[in-house]
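# Fold and geometry: a report
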Amino acid sequence: DWSRSFSFGGFPRTGAVTFTIDDVVYVGLGFNIQLDQQDKTLTDFWMYKDRIWTQIADFPGEGRYGAVAFVVDGKAYVGTGYRPDQNTTTEQYFNDFYCYDPSTNTWSDAPVTYLPDGAVARRDAVAFSLKGKGYVGTGIAKGAQVIKDMYCFDGTNWTSVGFPGDARCGASAFVIGNKAVICLGAGATSGNYRYDVLVYDGDLEDVNNPTRAWITDRHALVDKDGIGWDNDYNRIPRAYAVAFTSNRDGKMKGYIATGSGNYSNTCWEYDIERDRWDEVTELPSMMSRRSYAVGFSIDNYGYVTLGGASVGKVIDTDMWK
């Protein structure tokens, strides 16, 4: 079931970023072209705890949207993203990361790390945390360059772990146990969705063979001849969707919802052991269709908030559980 939850505390926005530390959710940054202020990119951050949204310290870097976040050793790293010039003459893609410490509600004054040499600045990448490390990859860079890579950050150093899937931006990721699932997204052209599903197994990580941890034999999001259970898989591909996890029937499962595409009102559940996607209850009719939203999990519930009909068309601050 879907139900209405507690609305986000700040301005509506698209392309915000979220992370979770100790069952407390943080949401910030983003873009709202409808704001009266000249700078339409945002730097405010909000904390969701005990059903209350509370504003915390502002992000110290330049406002941006399409950023990512991951958590290492109880601290969040927020970076990458895109900042359109307000005069539409220049634009900025970022490769920097600022660190947030929830115990003191403080950010680092300056970037604590940057993507490694050879990794281009980008927006609309994907990130996740796994076994005490952070991972960042894919996205889109200046010149509509769609990216095919993945890097691991251990709190000090970056390491390339490759990426065996198609280049993409606007992908989604969720973690089940010690495995991360990366899926969805699109190429540089609208509607050019990606159909492959990749799994990164943290238990198989090998410093001498960084690409060994990838599992590439997952069933693609297509209807293959002679297989009955994938007949509706053409309803799954999309970009700029949200992802979250929940324990159902005693098993942790991943969920994707919202996004751009013909079936963005549908929500899909992934069983990583069976490698099977099943459609679950679609989004309620009262919930505006959206992409560039954020999703997260608390106490075994998935949540969706913010977003817009497009990156420049924000909707309300409503949140759904």
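Quick caveat, the model's predicted, so the values are computed rather than measured.

### Observations concerning the overall build of the protein chain
On a plain count of helices and strands, the protein chain comes out with zero helices and 30 strands. Over its C-alpha atoms the protein chain spans a radius of gyration of 18 Å, differing by no more than 12% from the 20 Å that the globule rule assigns to 321 residues. When its C-alpha atoms are laid out on the principal axes, the protein chain stretches across 55 × 50 × 40 Å. Per-residue burial for the protein chain yields a buried fraction of 57% across its 321 residues. Considering only contacts in the protein chain between residues 6 or more positions apart, those separated by 24 or more positions represent 48%. When the 31 basic and 41 acidic side-chain charges of the protein chain are each reduced to a single mean position, those positions are 2 Å apart.

### Some points on the sheet that holds strand β24 (residues 267-271)
Taken in spatial order, the four strands line up as β22-β23-β24-β25 in an open sheet, and their pairing is antiparallel. Single-partner strands in this sheet number two, and they are β22 (242-248) and β25 (276-280). In this sheet, neighbouring strand axes are inclined to one another by 30° on average, regardless of whether the strands run parallel or antiparallel.

### Details of unusual backbone geometry
If you check the backbone angles, Asp73 has positive phi at about 55° while not being a glycine. In this fold, Asp73 is placed in the loop between β5 (68-72) and β6 (75-79). What makes Asp73 exposed here is its relative accessible area of 70%. Look at Asp249: it is not a glycine, yet its phi comes out positive at around 60°. Counting through the fold element by element, Asp249 comes out in the loop between β22 and β23 (251-257). Judged by relative accessible area, which is 62%, Asp249 ranks as exposed.

### Things to note about the packing of aromatic side chains
Scanning the entire structure with this criterion turns up 33 aromatic pairs. An angle of 50° between the planes, with centres 5.6 Å apart, marks the rings of Phe70 and Phe97 as tilted. With Phe70 in strand β5 and Phe97 in strand β9 (residues 96-101), this pair connects stretches of sequence that are 27 residues apart. Geometrically, the ring pair formed by Phe296 and Tyr303 is stacked, given 5.4 Å between the ring centres and 15° between the ring planes. The class of Tyr303 is buried, set by a relative accessible area of 7%. Here the aromatic residues Phe19, Tyr26, Phe45, Phe59, Tyr98, Tyr100 and Trp107 are joined through ring pairs into a cluster of three or more.

### Overview of the sheet that holds strand β21 (residues 214-215)
The antiparallel open sheet is built from four strands, whose spatial order is β18-β19-β20-β21. Edge positions in the open sheet fall to β18 (172-176) and β21, since each of these has one partner strand only. Note: strand β19 (residues 179-183) against strand β20 (residues 198-201), four bridges, orientation antiparallel. Paired with Lys179 across the two strands is Asp201, which belongs to β20.

### A look at the pattern of salt bridges
If you walk through the whole model with that rule in mind, you get 20 salt bridges. A salt bridge links Arg123 to Asp124, with the nearest nitrogen and oxygen atoms 2.4 Å apart. Asp124 sits in the buried class, given a relative accessible area of 5%. Between Asp278 and Arg274 there is a salt bridge; the shortest N-O distance is 3.7 Å. For Arg274, a relative accessible area of 41% puts it in the partly exposed group.

### A short note on the side chain of Thr41
Tracing the chain through its elements places Thr41 in the loop between β2 (24-28) and β3 (45-49). At a separation of 2.6 Å, a polar atom in the side chain of Thr41 contacts the side chain of Asp39. Here Arg83 takes part through its side chain, which lies 2.9 Å from a polar atom of the side chain of Thr41.

### Notes on the pairing of strand β27 (residues 301-305)
Where burial is concerned, most of β27 is hidden: four out of the five residues are buried. Alignment of strand β26 (residues 294-298) against β27, held across five bridges, turns out to be antiparallel. Looking across to β27, one finds that Phe296 is bridged to Tyr303. Counting the residues in the hairpin turn of β26 and β27 gives two residues, including Asp299, whose phi is positive at 50°. Note: β27 against strand β30 (residues 319-320), two bridges, orientation antiparallel. Pairing of Thr305 across the sheet is with Met319, part of β30.

### Focus: the side chain of Asp101
Relative to the helices and strands, Asp101 resides in strand β9. Although Asp101 is buried, it makes no salt bridge; Lys75 carries the closest opposite charge, 4.0 Å away. Beyond its immediate chain neighbours, meaning those up to four positions away, Asp101 contacts Lys75 and Thr106.

About the criteria used
- Every chain begins its residue count from 1, and numbering advances along the sequence as written.
- Local features are withheld for residues below a pLDDT of 70 in this predicted model, meaning they are given only at 70 or higher, and side-chain atom pairs are given and counted only at 80 or more; totals for whole chains, interfaces and linings count all residues.
- Neither water nor hydrogens contribute to the side-chain values; these are computed over all heavy atoms in the structure.
- Secondary structure elements follow DSSP: runs of H or I of four or more residues count as helices, runs of E of two or more count as strands, with numbering from the N terminus.
- Between the two quantities, the radius of gyration covers C-alpha atoms and the globule rule is 2.2 Å times the number of residues to the power 0.38.
- Think of it in three bands: with a 1.4 Å probe and only protein chains considered, a residue is buried below 20% of the maximum accessible area for its type, exposed above 50%, and partly exposed in between.
- Any pair of residues with heavy atoms lying within 4.5 Å of one another is described as a contacting pair.
- Only four residue types enter the tally: Lys and Arg on the positive side, Asp and Glu on the negative side; His and the chain ends are excluded.
- Where a charge lies is defined by one atom per residue type, namely NZ (Lys), CZ (Arg), CG (Asp) and CD (Glu).
- Strands pair, by our definition, only if DSSP identifies at least two bridges between them.
- In this analysis an axis means a line fitted to C-alpha atoms, helices contributing only their contacting stretch, and an angle means the value between N-to-C directions, from 0 to 180 degrees.
- Between the rings of Phe, Tyr and Trp (Trp by its six-membered ring), a pair exists once the centres lie within 6.5 Å; its type follows the angle of the planes, with under 30 degrees stacked, over 60 edge-to-face, and the other angles tilted.
- A pair is scored as a salt bridge if a Lys or Arg side-chain nitrogen falls within 4 Å of a carboxyl oxygen belonging to Asp or Glu.
- By the criterion applied in these results, polar contacts are pairs of N or O atoms within 3.5 Å in which, for protein atoms, one can donate a hydrogen and the other can accept it, and in which residues neighboring in sequence qualify only through two side-chain atoms.

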